[in-house]
Amino acid sequence: MAASTDAPATFPDGEGAPTAAVDETIETRGIEPVPDHERRGRVRELFPTWVAANISVLLLTMGAGLVVFNGLNFWQVLFAAAIAGFVSFGLVGLLSVSGKWGGAPGAMLSRATFGVRGNYFPGMILWVARFGWETINAVTGSYAVLTVLDLLFGIKSNTPLIVVTLLAFVGVTFLVSGMGRKVLNLCNTWSTYLFGLFTVLVLVYLISTIDWDKVFSKPAGGTAMLIAGIGTIAAGGISWIPTGPDFARYLPHSASGKKIFGTTVSGALLVLVPMVLMGGVMSVESPALAKTNDPVSFLGEALPMWLAVPYLIIALIGMVLINSLSMYSAGFTAQTMGVKLPRASAVSINAVISLVGGLLLMLVAKSFYGSFISFLSLLAVSFSSWVGVYAVDMLRRRRMAVRYDAEALLDTGRTSRYWYVGGFCWQAMTAWGIALLLGLGFTKVDWFEGPLVDTWIGKNGLGWAATVLLAALLFAVLPRPRENVRED
């Protein structure tokens, strides 16, 4: 049985020999591990990826929420954004290293952790969570289009226009994500430059017009609200953790794990911290920014038209890319769940669901912010249980000669190295299931309240952190799983 080890590829440039499959504009590779001779990626390509993953006006709304709902002041908002970004995207960076080890998407590598059959259970939850994330992004992008139309042409939002804009946004997202890694990297790079330029312009405008005495005179909020605020911001980053390996799988084995971590964190913080802080500053004079059902229309009121329109357009491009990155990974998840379609076609399932969900959220839901925060809370817990188990499995594989077996990942039968017992790694499944239930017990949203919400962990919004730690601890103390290694 062929195995994928962590030995460096032996090519003159140290990054793998070029092949037609890698150089194609439209990526055709699905969940199958990338062979060593196609590993031509570079760590620096991750920087614009994680910048683009945070180009969302929702961060402005979340920053406003920290001030309005959590009662935090300027310095607390800055602290919350920095800590949340470092912790959540630090985990993204750490677990992304497994992508260069195995050359496969995170949803695929997860088979080695949970078993080829056991992986269906956490995989299904991750897939459903992707539906929700893509729906939220699609709605935000559509609101940005509607705001630009109103500012430029005075066209007011109505039901037919909502349907058209949402359909257009999802369609463009589907097109970009279907083209694959090379197109995404190109788009991410240019959006990083453009968004960075206009963000600087917005910052300069705010610095010159905001009543800073009013901003800095705001009293500090309580510690509990600060901790809860960190959890709220961190939830967005946590949602990207299972996706991290997807964008690192083309890296050669020789790529530095420390550089993967540093590039991921720096790319995310470059956008996340200023965006959250800008939202918090804007909300001091306009508290309604955190309560509006349309999460982006306030930009047209807070900024002059000459700045608001191009900024919204660039942010719209960023939201297309965020959704494209999410759908790109969702295609892999669909394939690991048994969808017998090429990756680009598998993405269409998520596109249709996000379109339907977006229409319900825009036309039926009464509170976008409430729905968004509820979704983030549940998302953080559902992903955190997977993170804890997967992280411990990664630590164990650091010292293994065969970190991920490429053939075994594709083999879903009894002959697979990752068959364990009946296709299930019962230790991983047990740790994952118990941690998930406990995490939900600490969670409170608009329509659900767990029995442990009144505990210190529940009151401080730390259910996601408790979930990660419990999942990791349980998996670490349970008997170590034995892989089905055959003697050749």
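Whatever comes next refers back to the structure up there.
Here is a short report on the structure shown in this document. What you see is a predicted model, and the numbers here were worked out from it, not measured in a lab.

Cut-offs and rules
Residues numbered from 1 in each chain as written. Predicted model: local features only at pLDDT ≥ 70, side-chain atom pairs only at ≥ 80, totals over all residues. Heavy atoms only, no water. Axes fitted to C-alpha atoms, helices over the stretch in contact; angles between N-to-C directions. Helix = DSSP H or I, 4+ residues; strand = E, 2+ residues; numbered from the N terminus. Parallel < 35°, antiparallel > 145°, perpendicular 65-115°, else oblique. Left-handed = near helix turned anticlockwise from the far one by under 90°. Contact = heavy atoms within 4.5 Å. 1 Å grid on protein atoms, 1.4 Å probe; cavity = no way out; pocket = protein on both sides within 12 Å on 5 of 7 lines; lining within 4 Å. Points joined across faces, edges and corners; volume = space filled by probe spheres on them. Nonpolar A, V, L, I, M, F, W, Y, C, P; charged D, E, K, R; others polar. Expected span 1.5 Å × (residues − 1). Bend = angle between axes of the 7 residues up to and from the residue. Polar contact = N/O pair within 3.5 Å; in protein donor to acceptor, adjacent residues only side chain to side chain. Salt bridge = Lys/Arg side-chain N within 4 Å of Asp/Glu carboxyl O. Buried < 20%, exposed > 50% of the residue type's maximum accessible area, 1.4 Å probe, protein only.

Things to note about the packing of helix α3 (residues 58-68) against helix α12 (residues 257-285)
Here is step 1: Contact geometry of α3 with α12 gives a least axis separation of 7 Å together with a crossing angle of 50°. One finds that α3 runs oblique with respect to α12. As for how α3 packs across α12, the hand of that crossing is right-handed. Where α3 abuts α12, its residues L59, L60, G63, A64, L66, V67 and V68 lie against L272, M275, V276, M278, G279, G280, S283 and V284.

Comments concerning empty space enclosed by the protein
Here is step 1: The tally for this structure, following the rule as stated, stands at 6 cavities of 30 Å³ or more.
Here is step 2: Of the pockets and cavities examined, the largest cavity occupies roughly 160 Å³.
Here is step 3: Lining the largest cavity are 17 residues, with A53, N54, L59, W133 and G236 sitting closest to its centre.
Here is step 4: For the lining of the largest cavity, the secondary-structure elements that each account for two or more residues are α3, α6 (120-153), α10 (223-238) and α16 (368-397).
Here is step 5: For the lining of the largest cavity, the residue count by class is 12 nonpolar, 5 polar and no charged.

A few points about α12
In an α-helix, one turn spans 3.6 residues; hence positions three or four apart end up facing the same way.
Here is step 1: Here α12 is 29 residues long and its end C-alpha atoms lie 44 Å apart, about the 42 Å a rise of 1.5 Å per residue gives.
Here is step 2: If you look at α12, its biggest bend is around 30°, right at L269.
Here is step 3: Sitting at the head of α12, S256 places a side-chain oxygen 3.3 Å from the backbone nitrogen of K258.

Considerations on the pattern of salt bridges
Here is step 1: Scanning all chains against the criterion turns up 6 salt bridges.
Here is step 2: Between D393 and R397 there is a salt bridge, with the nearest N and O atoms lying 2.7 Å from each other. Remark: R397 and D393 occur in helix α16; sequence separation between them is 4 residues, near one turn of the helix. Here D393 and R397 have matching classes, each one buried.

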